[in-house]
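Breakdown of the fold
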Amino acid sequence: MTDESRRDGGRNGSNDGRRPGSTMPTRPRPALRVSGPRTAVRPDRERLPQLGDDTIVAVATPAGRGALAMVRLSGRDAHQIAGRVVQPWPLPARYARLCALRHPASGELIDRGVVTSYDAPESYTGEQTVEIVTHGGYSVPAALLAALVAAGAREARAGEFTRRAVLNGKMDLLQAEAVGDLIDARSQAMHRSALAQLDGGLSRRVQRLREHLVEIEALLAYDIDFPEEDDGPVPRDRIASACADVLLQLGVLLRTGRAGEMVREGAVVVIAGAPNVGKSSLFNALVGRARAIVTDVPGTTRDAIEAVVDAGEWPLRLVDTAGLRATDDVVERIGIEVSERYLKDAHVVLACGDGWAAVNDCVRRVQPLTEAPVIGVRTKADLAMKAPGADDAPLPSDETHGRALEHVVAVSAETGWGLRELLDAVAEVLSRRYGAPTAETPLVTRERQLRSLEEARTELAAFLQGWGEEGIPTPVAAVHVRTAMGALEELIGTVDVEDVLDKVFSTFCVGK
Ligand code: GDP
């Protein structure tokens, strides 16, 4: 079902008083827009592609056997079309009611289902909408879909409902991406991050930065209009410091990109160690301990065994490099079954040994090959417990190694002893280095988002340099600010969004 709160959120003029679904231009776009600090960003309708006024329909739930299915209808004629299939009709808006569903031509009963009608703009898409919950399975939803098409609706394309929601100002592009991420979320971290973005956490930050740039642009425009005021009412360093502040905040957002990528794809945890120390057993035990995630994300490695597990705070991409024995890539000369490539890509390395001496040896060999934190893992701890005193090598310490070891954990794949501590140690190390992924921290999770933020940062850096050191003329400097603003607007989806929309929604499922 769609989110009531967002529907309510659209009550206040999300359609600007125009007919729902209409994208007809009503005013020319001003050359320089100056808005107050709290102005909401809405899609720039003048530049948006024409939305079809047609009514779309789709089964919003996945195909296959299931108790219930939901069919969703949205568009200008959604209510009339529903009226040809649903009895009784009309229904009061936002009340769920059990109705008979019949084919419009034959009158044959398809099912009885719970129908909810929504008036524009208070719906997910901002259009007239009807949602029908029927029995699930293969036959009923398909028959209802066919009946609604026979009654005048068109089958929706992938992501078309959310696309209409964006075009009608119900959500911005970042939130639409979050809808996709929420549907695709397979880990708790991804779930949390997508929900934070859907709530507008990232959008609000980007909007605030855009508003700062609008203010700077206004100051520059003043400078252009009154160039004779040498020292002017707007000192150059005030503009410079405002710009530097935005630059700083862009840097903060961009730095979340690494954590965002880890939340999306899993933090790479490489299990390293000499043959037979118990790496594969540890890998299997960890996969059994945490919840394995079946993932479509293509593996970063082809010649190692990988599994993504949901370990709570972070999804972990465990890499067991045991399969590397036969490849040229193996760092045979150091006697450790892990390639430099994997160590370079790692976010955490588990340096394994079946005795403290072996752990020490592994840590010493691995540390120069990776920038990632290294956790010393003493495997087969159950054996050490059975024969205390046999394993008398000193614990790995700061003196033994060039860099401080983040953690040292003893585990047994056989009994499960220490596995929880190991997973906790990995999460702790990651959160310390990359910031804990909480619901309050907006993370930049997509390449598209990083690109726009990076472009804005490059433009502002160029502006600052020209403005400060080179004293370039104001109109030239203003171009940088405007381009930076354009990059942020593209990020939220306020300008030139057609290409961006195509890209964003191509990965959506039908019915969303
Ligand atoms: P790898 O070559 O490093 O991947 O090592 P394996 O996981 O194949 O393990 C090597 C041997 O050690 C196997 O015979 C395992 O059964 C054994 N082994 C692995 N982990 C444990 C453990 O926690 N306790 C005990 N007692 N034996 C283990």
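Attention now goes to the site of the ligand. In the region of the ligand, 14 residues are neighbours, and Lys279, Ser280, Ser281, Asp382 and Ala413 sit closest. With respect to the ligand, the backbone of glycine 278 contributes an N or O atom lying 3.0 Å from an oxygen atom. Contact between the ligand and lysine 380: an oxygen atom at 3.0 Å from a side-chain N or O atom of the residue. Relative to its unbound accessible surface of 580 Å², the ligand loses 73% to contact with the protein. Residue assignment for the shell around the ligand shows that the elements contributing at least two residues are helix H9 (279-289) and helix H12 (381-386). The biggest single contributor to the shell around the ligand is H9, with three residues. Of the residues assigned to the shell around the ligand, the class counts are four nonpolar, five polar and five charged.

Attention now goes to the packing of aromatic side chains. Note on aromatic pairs: each is described by the distance of the centres and the angle between the planes. According to the stated counting rule, one finds one aromatic pair in the structure shown. Centroid distance phenylalanine 463 to tryptophan 467: 5.4 Å. Interplanar angle 20°. Geometry classified as stacked. With phenylalanine 463 and tryptophan 467 both in helix H14 (residues 447-470) and four residues apart, the pair spans about one turn of that helix. Here phenylalanine 463 matches tryptophan 467 in class, with each residue buried. Residue placement shows arginine 72 over the ring face of phenylalanine 161; its charged tip is 5.1 Å from the ring centre.

This next bit is on the packing of H9 against helix H13 (residues 419-434). The description of two helices packed together rests on the angle between their axes and the distance between the axes. Interaxial distance between H9 and H13 falls to 10 Å at its minimum, and their mutual angle equals 85°. By the angle between their axes, H9 is roughly perpendicular relative to H13. Of H13, the residues touching H9 (which contributes Leu282, Ala285, Leu286 and Arg289) are Leu419, Arg420, Leu422 and Leu423. Grouping the constituent residues of the contact of H9 with H13 by class yields six nonpolar, no polar and two charged.

This part is about the nonpolar core. If you look at the biggest cluster of nonpolar residues, it comprises 37 residues, and the most contacted ones within it are Leu282, Leu316, Leu350, Ile375 and Leu422. Examining the composition of this core, we find that nine residues originate from one element, H13, more than from any other. Those residues within four positions of leucine 282 in sequence are excluded, and the remaining contacts are Ile271, Leu350, Cys352, Val377, Val411, Ala413, Leu419 and Leu422. The next biggest cluster of nonpolar side chains, apart from the first, holds 33 residues, and it includes Val214, Ala478, Val481 and Ile492.

Criteria and cut-off values
Residues numbered from 1 in each chain as written. Predicted model: local features only at pLDDT ≥ 70, side-chain atom pairs only at ≥ 80, totals over all residues. Heavy atoms only, no water. Near = heavy atom within 4 Å. Polar contact = N/O pair within 3.5 Å; in protein donor to acceptor, adjacent residues only side chain to side chain. Areas by Shrake-Rupley, 256 points an atom, 1.4 Å probe, with all protein chains shown as cover. Helix = DSSP H or I, 4+ residues; strand = E, 2+ residues; numbered from the N terminus. Nonpolar A, V, L, I, M, F, W, Y, C, P; charged D, E, K, R; others polar. Phe/Tyr/Trp six-rings, centres within 6.5 Å; stacked < 30°, edge-to-face > 60°. Buried < 20%, exposed > 50% of the residue type's maximum accessible area, 1.4 Å probe, protein only. Lys NZ or Arg CZ within 6 Å of the ring centre and 35° of its normal. Axes fitted to C-alpha atoms, helices over the stretch in contact; angles between N-to-C directions. Parallel < 35°, antiparallel > 145°, perpendicular 65-115°, else oblique. Contact = heavy atoms within 4.5 Å. Core = buried A, V, L, I, M, F, W, Y, C linked by side-chain atoms within 4.5 Å.

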